[in-house]
Amino acid sequence: MNELKLLREWDAEAPPLTDTARARGRFRLYQAMRAPAAPTAVRRRPLLGIAVAAVAAAAVTTTVVVAENTGTSPRTQTVSAVTVLQGAAAEERRLEKPIAPRDDQFIYTKEIIKETPVGGGRSKTYVDESWNSVDGSKKSYVSELGRTQWVPPDQPGQRSWPPRRWSQLKQLPTDPGKLPIALRDIGRTPDYDRPMKADEWPMVQFFLSGLLRTPVLPEGLRPATFEALASVPGVKVLPGRTDADGRAGIGIQYVGKPGTPWADGGPVLVFDAKTYQYLGMRDRRNAGAKTYEQWSYVAADAAVDRVMQRP
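All values derive from a computational prediction rather than experimental measurement.

**Q** Got a minute to help me understand the overall build of the protein chain in this structure?
**A** Within the protein chain, the regular secondary structure consists of 7 helices and 11 strands. Here the protein chain holds 311 residues, and 50% of them are scored as buried. A separation threshold of at least 6 residues defines the contact pool for the protein chain, and within that pool the share at least 24 residues apart is 62%. When the accessible area of the protein chain is evaluated, it comes to approximately 15000 Å², of which 50% is carbon and sulfur surface.

Here you go:
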């Protein structure tokens, strides 16, 4: 209850944080629901506000018909969530440019976020550049919807989801069959011999979504995350979606059962309609009485030696 009280006290009028910060808020809520009698110290960025938006969990895998331009006439193709996510994993492995940062370096990311008020209004684009300490021992410099702040080094006992330290990300398995179990058993030794239960998948979906919101991951982890999502019961395909630059795509979304916190659906992952390359994320954010359609994608990333250094 202390954790839920803290969530209620967060300032809803303050500008909400980026996807990573919101994922950390969700992780805190999940920790409260799983272990209310044993509060856990969880890393939370000391920024200007946190909007807790649920990651949705779908009930069934569906198929849709999408149109492709062939140059003469439209052609239809039936695709499933499994097809899109497995195709995205293959494309990610083909295009992946691994980085191997040192502990004393910083992960530089440049994220583009475009927002439009729901119901009409002027759009705004944010270019958020951030420098995150690889091992968490140095101050990080982050940008959240154009607002910047220094983040103190990690303190003993602090945790976050997704993991902030590169070494913790490296510990996650890149085997898509093992990854969901490792996330289910996070905080303890994974029991790979115990099958997943139906009521454990929503939490695993939440953790997988948190990984996909992380701009830079160790080699093989992002494609493994796509493939792991393909094995989760209940992802939904949304045809006719576009990314932040207007490119045609296919959406993948988690939708919860009626009466659950995720019944209205969560953020939409957008993939190229032909190659299934991951293009970015579409979401909504609430800011007081206003709601915004939000498109985001990572434009650049690299390992650099100091804050304010760009690749």
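Structure shown, so let's carry the discussion forward.
**Q** Whenever I open this one, the packing of aromatic side chains confuses me. Can you help?
**A** Two descriptors summarise a pair of aromatic rings, namely the distance from one centre to the other and the angle between the planes of the rings. Taken as a whole, this structure holds 8 aromatic pairs when the rule is applied. When the centroid spacing of 5.3 Å and the interplanar angle of 50° are considered together, the rings of Tyr 108 and Trp 131 count as tilted. Here Tyr 108 is found in strand S3 (residues 106-117), whereas its partner Trp 131 is found in strand S4 (residues 124-133), with 23 residues between them in sequence. Here the two residues Tyr 108 and Trp 131 agree in accessibility, since each one is buried. Note on Phe 271 and Tyr 278: the rings are 5.5 Å apart at their centroids and 55° apart in plane angle, and the pair reads as tilted.

**Q** What exactly am I supposed to notice about the side chain of Thr 109 here?
**A** Relative to the helices and strands, Thr 109 resides in strand S3. Thr 109 gets classed as buried once you look at its relative accessible area, which sits at 8%. Excluding residues that lie within four positions of it along the chain, Thr 109 makes contacts with Asp 128, Glu 129, Ser 130, Pro 215, Val 216, Ala 300 and Asp 301.

**Q** Teacher, can you tell me more about the environment of Tyr 278 here?
**A** Structurally, Tyr 278 can be placed in strand S10 (residues 278-287). Between the alpha carbons of Tyr 278 and Ala 88 there is a distance of 6.2 Å; along the sequence they are 190 residues apart. Among all residues touching Tyr 278, those that are not within four sequence positions of it are Phe 226, Leu 269, Val 270 and Phe 271.

**Q** Explain the packing of helix H6 (residues 201-212) against helix H7 (residues 221-230) to me, please; I cannot follow it from the model alone.
**A** For any two helices packed against each other, the geometry comes down to the angle between their axes and how far apart the axes lie. Put simply, H6 and H7 touch, their axes get as near as 10 Å, and they point 145° apart. With respect to the hand of their crossing, H6 and H7 are arranged in left-handed fashion. The segment H6 lies against H7, with Leu 208, Leu 211 and Leu 212 engaging Leu 221, Arg 222, Thr 225, Phe 226, Ala 228 and Leu 229. Counted by class, the contact of H6 with H7 contains 7 nonpolar, 1 polar and 1 charged residues.

**Q** How should I be thinking about the nonpolar core in this particular structure?
**A** Soluble globular proteins tend to bury their nonpolar side chains together. In this structure, Leu 179, Leu 211 and Ile 252 are the most contacted members of the largest nonpolar core, which totals 43 residues. Mapped onto this core, the elements with two or more residues apiece are helix H3 (81-95), helix H4 (166-170), helix H5 (179-184), H6, H7, strand S7 (235-242), strand S8 (248-254) and strand S9 (268-272). Per element, the largest residue contribution to this core is 8 residues, and it comes from H6. Residue contacts for Leu 179: discarding those within four places in its chain leaves Leu 172, Pro 173, Leu 208, Leu 211, Leu 221, Ala 224, Thr 225 and Ala 228. In this structure, Trp 131, Tyr 141, Val 304 and Val 307 belong to the second largest nonpolar core, which totals 6 residues.

Cut-offs used in this document
Residues numbered from 1 in each chain as written. Predicted model: local features only at pLDDT ≥ 70, side-chain atom pairs only at ≥ 80, totals over all residues. Heavy atoms only, no water. Helix = DSSP H or I, 4+ residues; strand = E, 2+ residues; numbered from the N terminus. Buried < 20%, exposed > 50% of the residue type's maximum accessible area, 1.4 Å probe, protein only. Contact = heavy atoms within 4.5 Å. Areas by Shrake-Rupley, 256 points an atom, 1.4 Å probe, with all protein chains shown as cover. Phe/Tyr/Trp six-rings, centres within 6.5 Å; stacked < 30°, edge-to-face > 60°. Axes fitted to C-alpha atoms, helices over the stretch in contact; angles between N-to-C directions. Left-handed = near helix turned anticlockwise from the far one by under 90°. Nonpolar A, V, L, I, M, F, W, Y, C, P; charged D, E, K, R; others polar. Core = buried A, V, L, I, M, F, W, Y, C linked by side-chain atoms within 4.5 Å.

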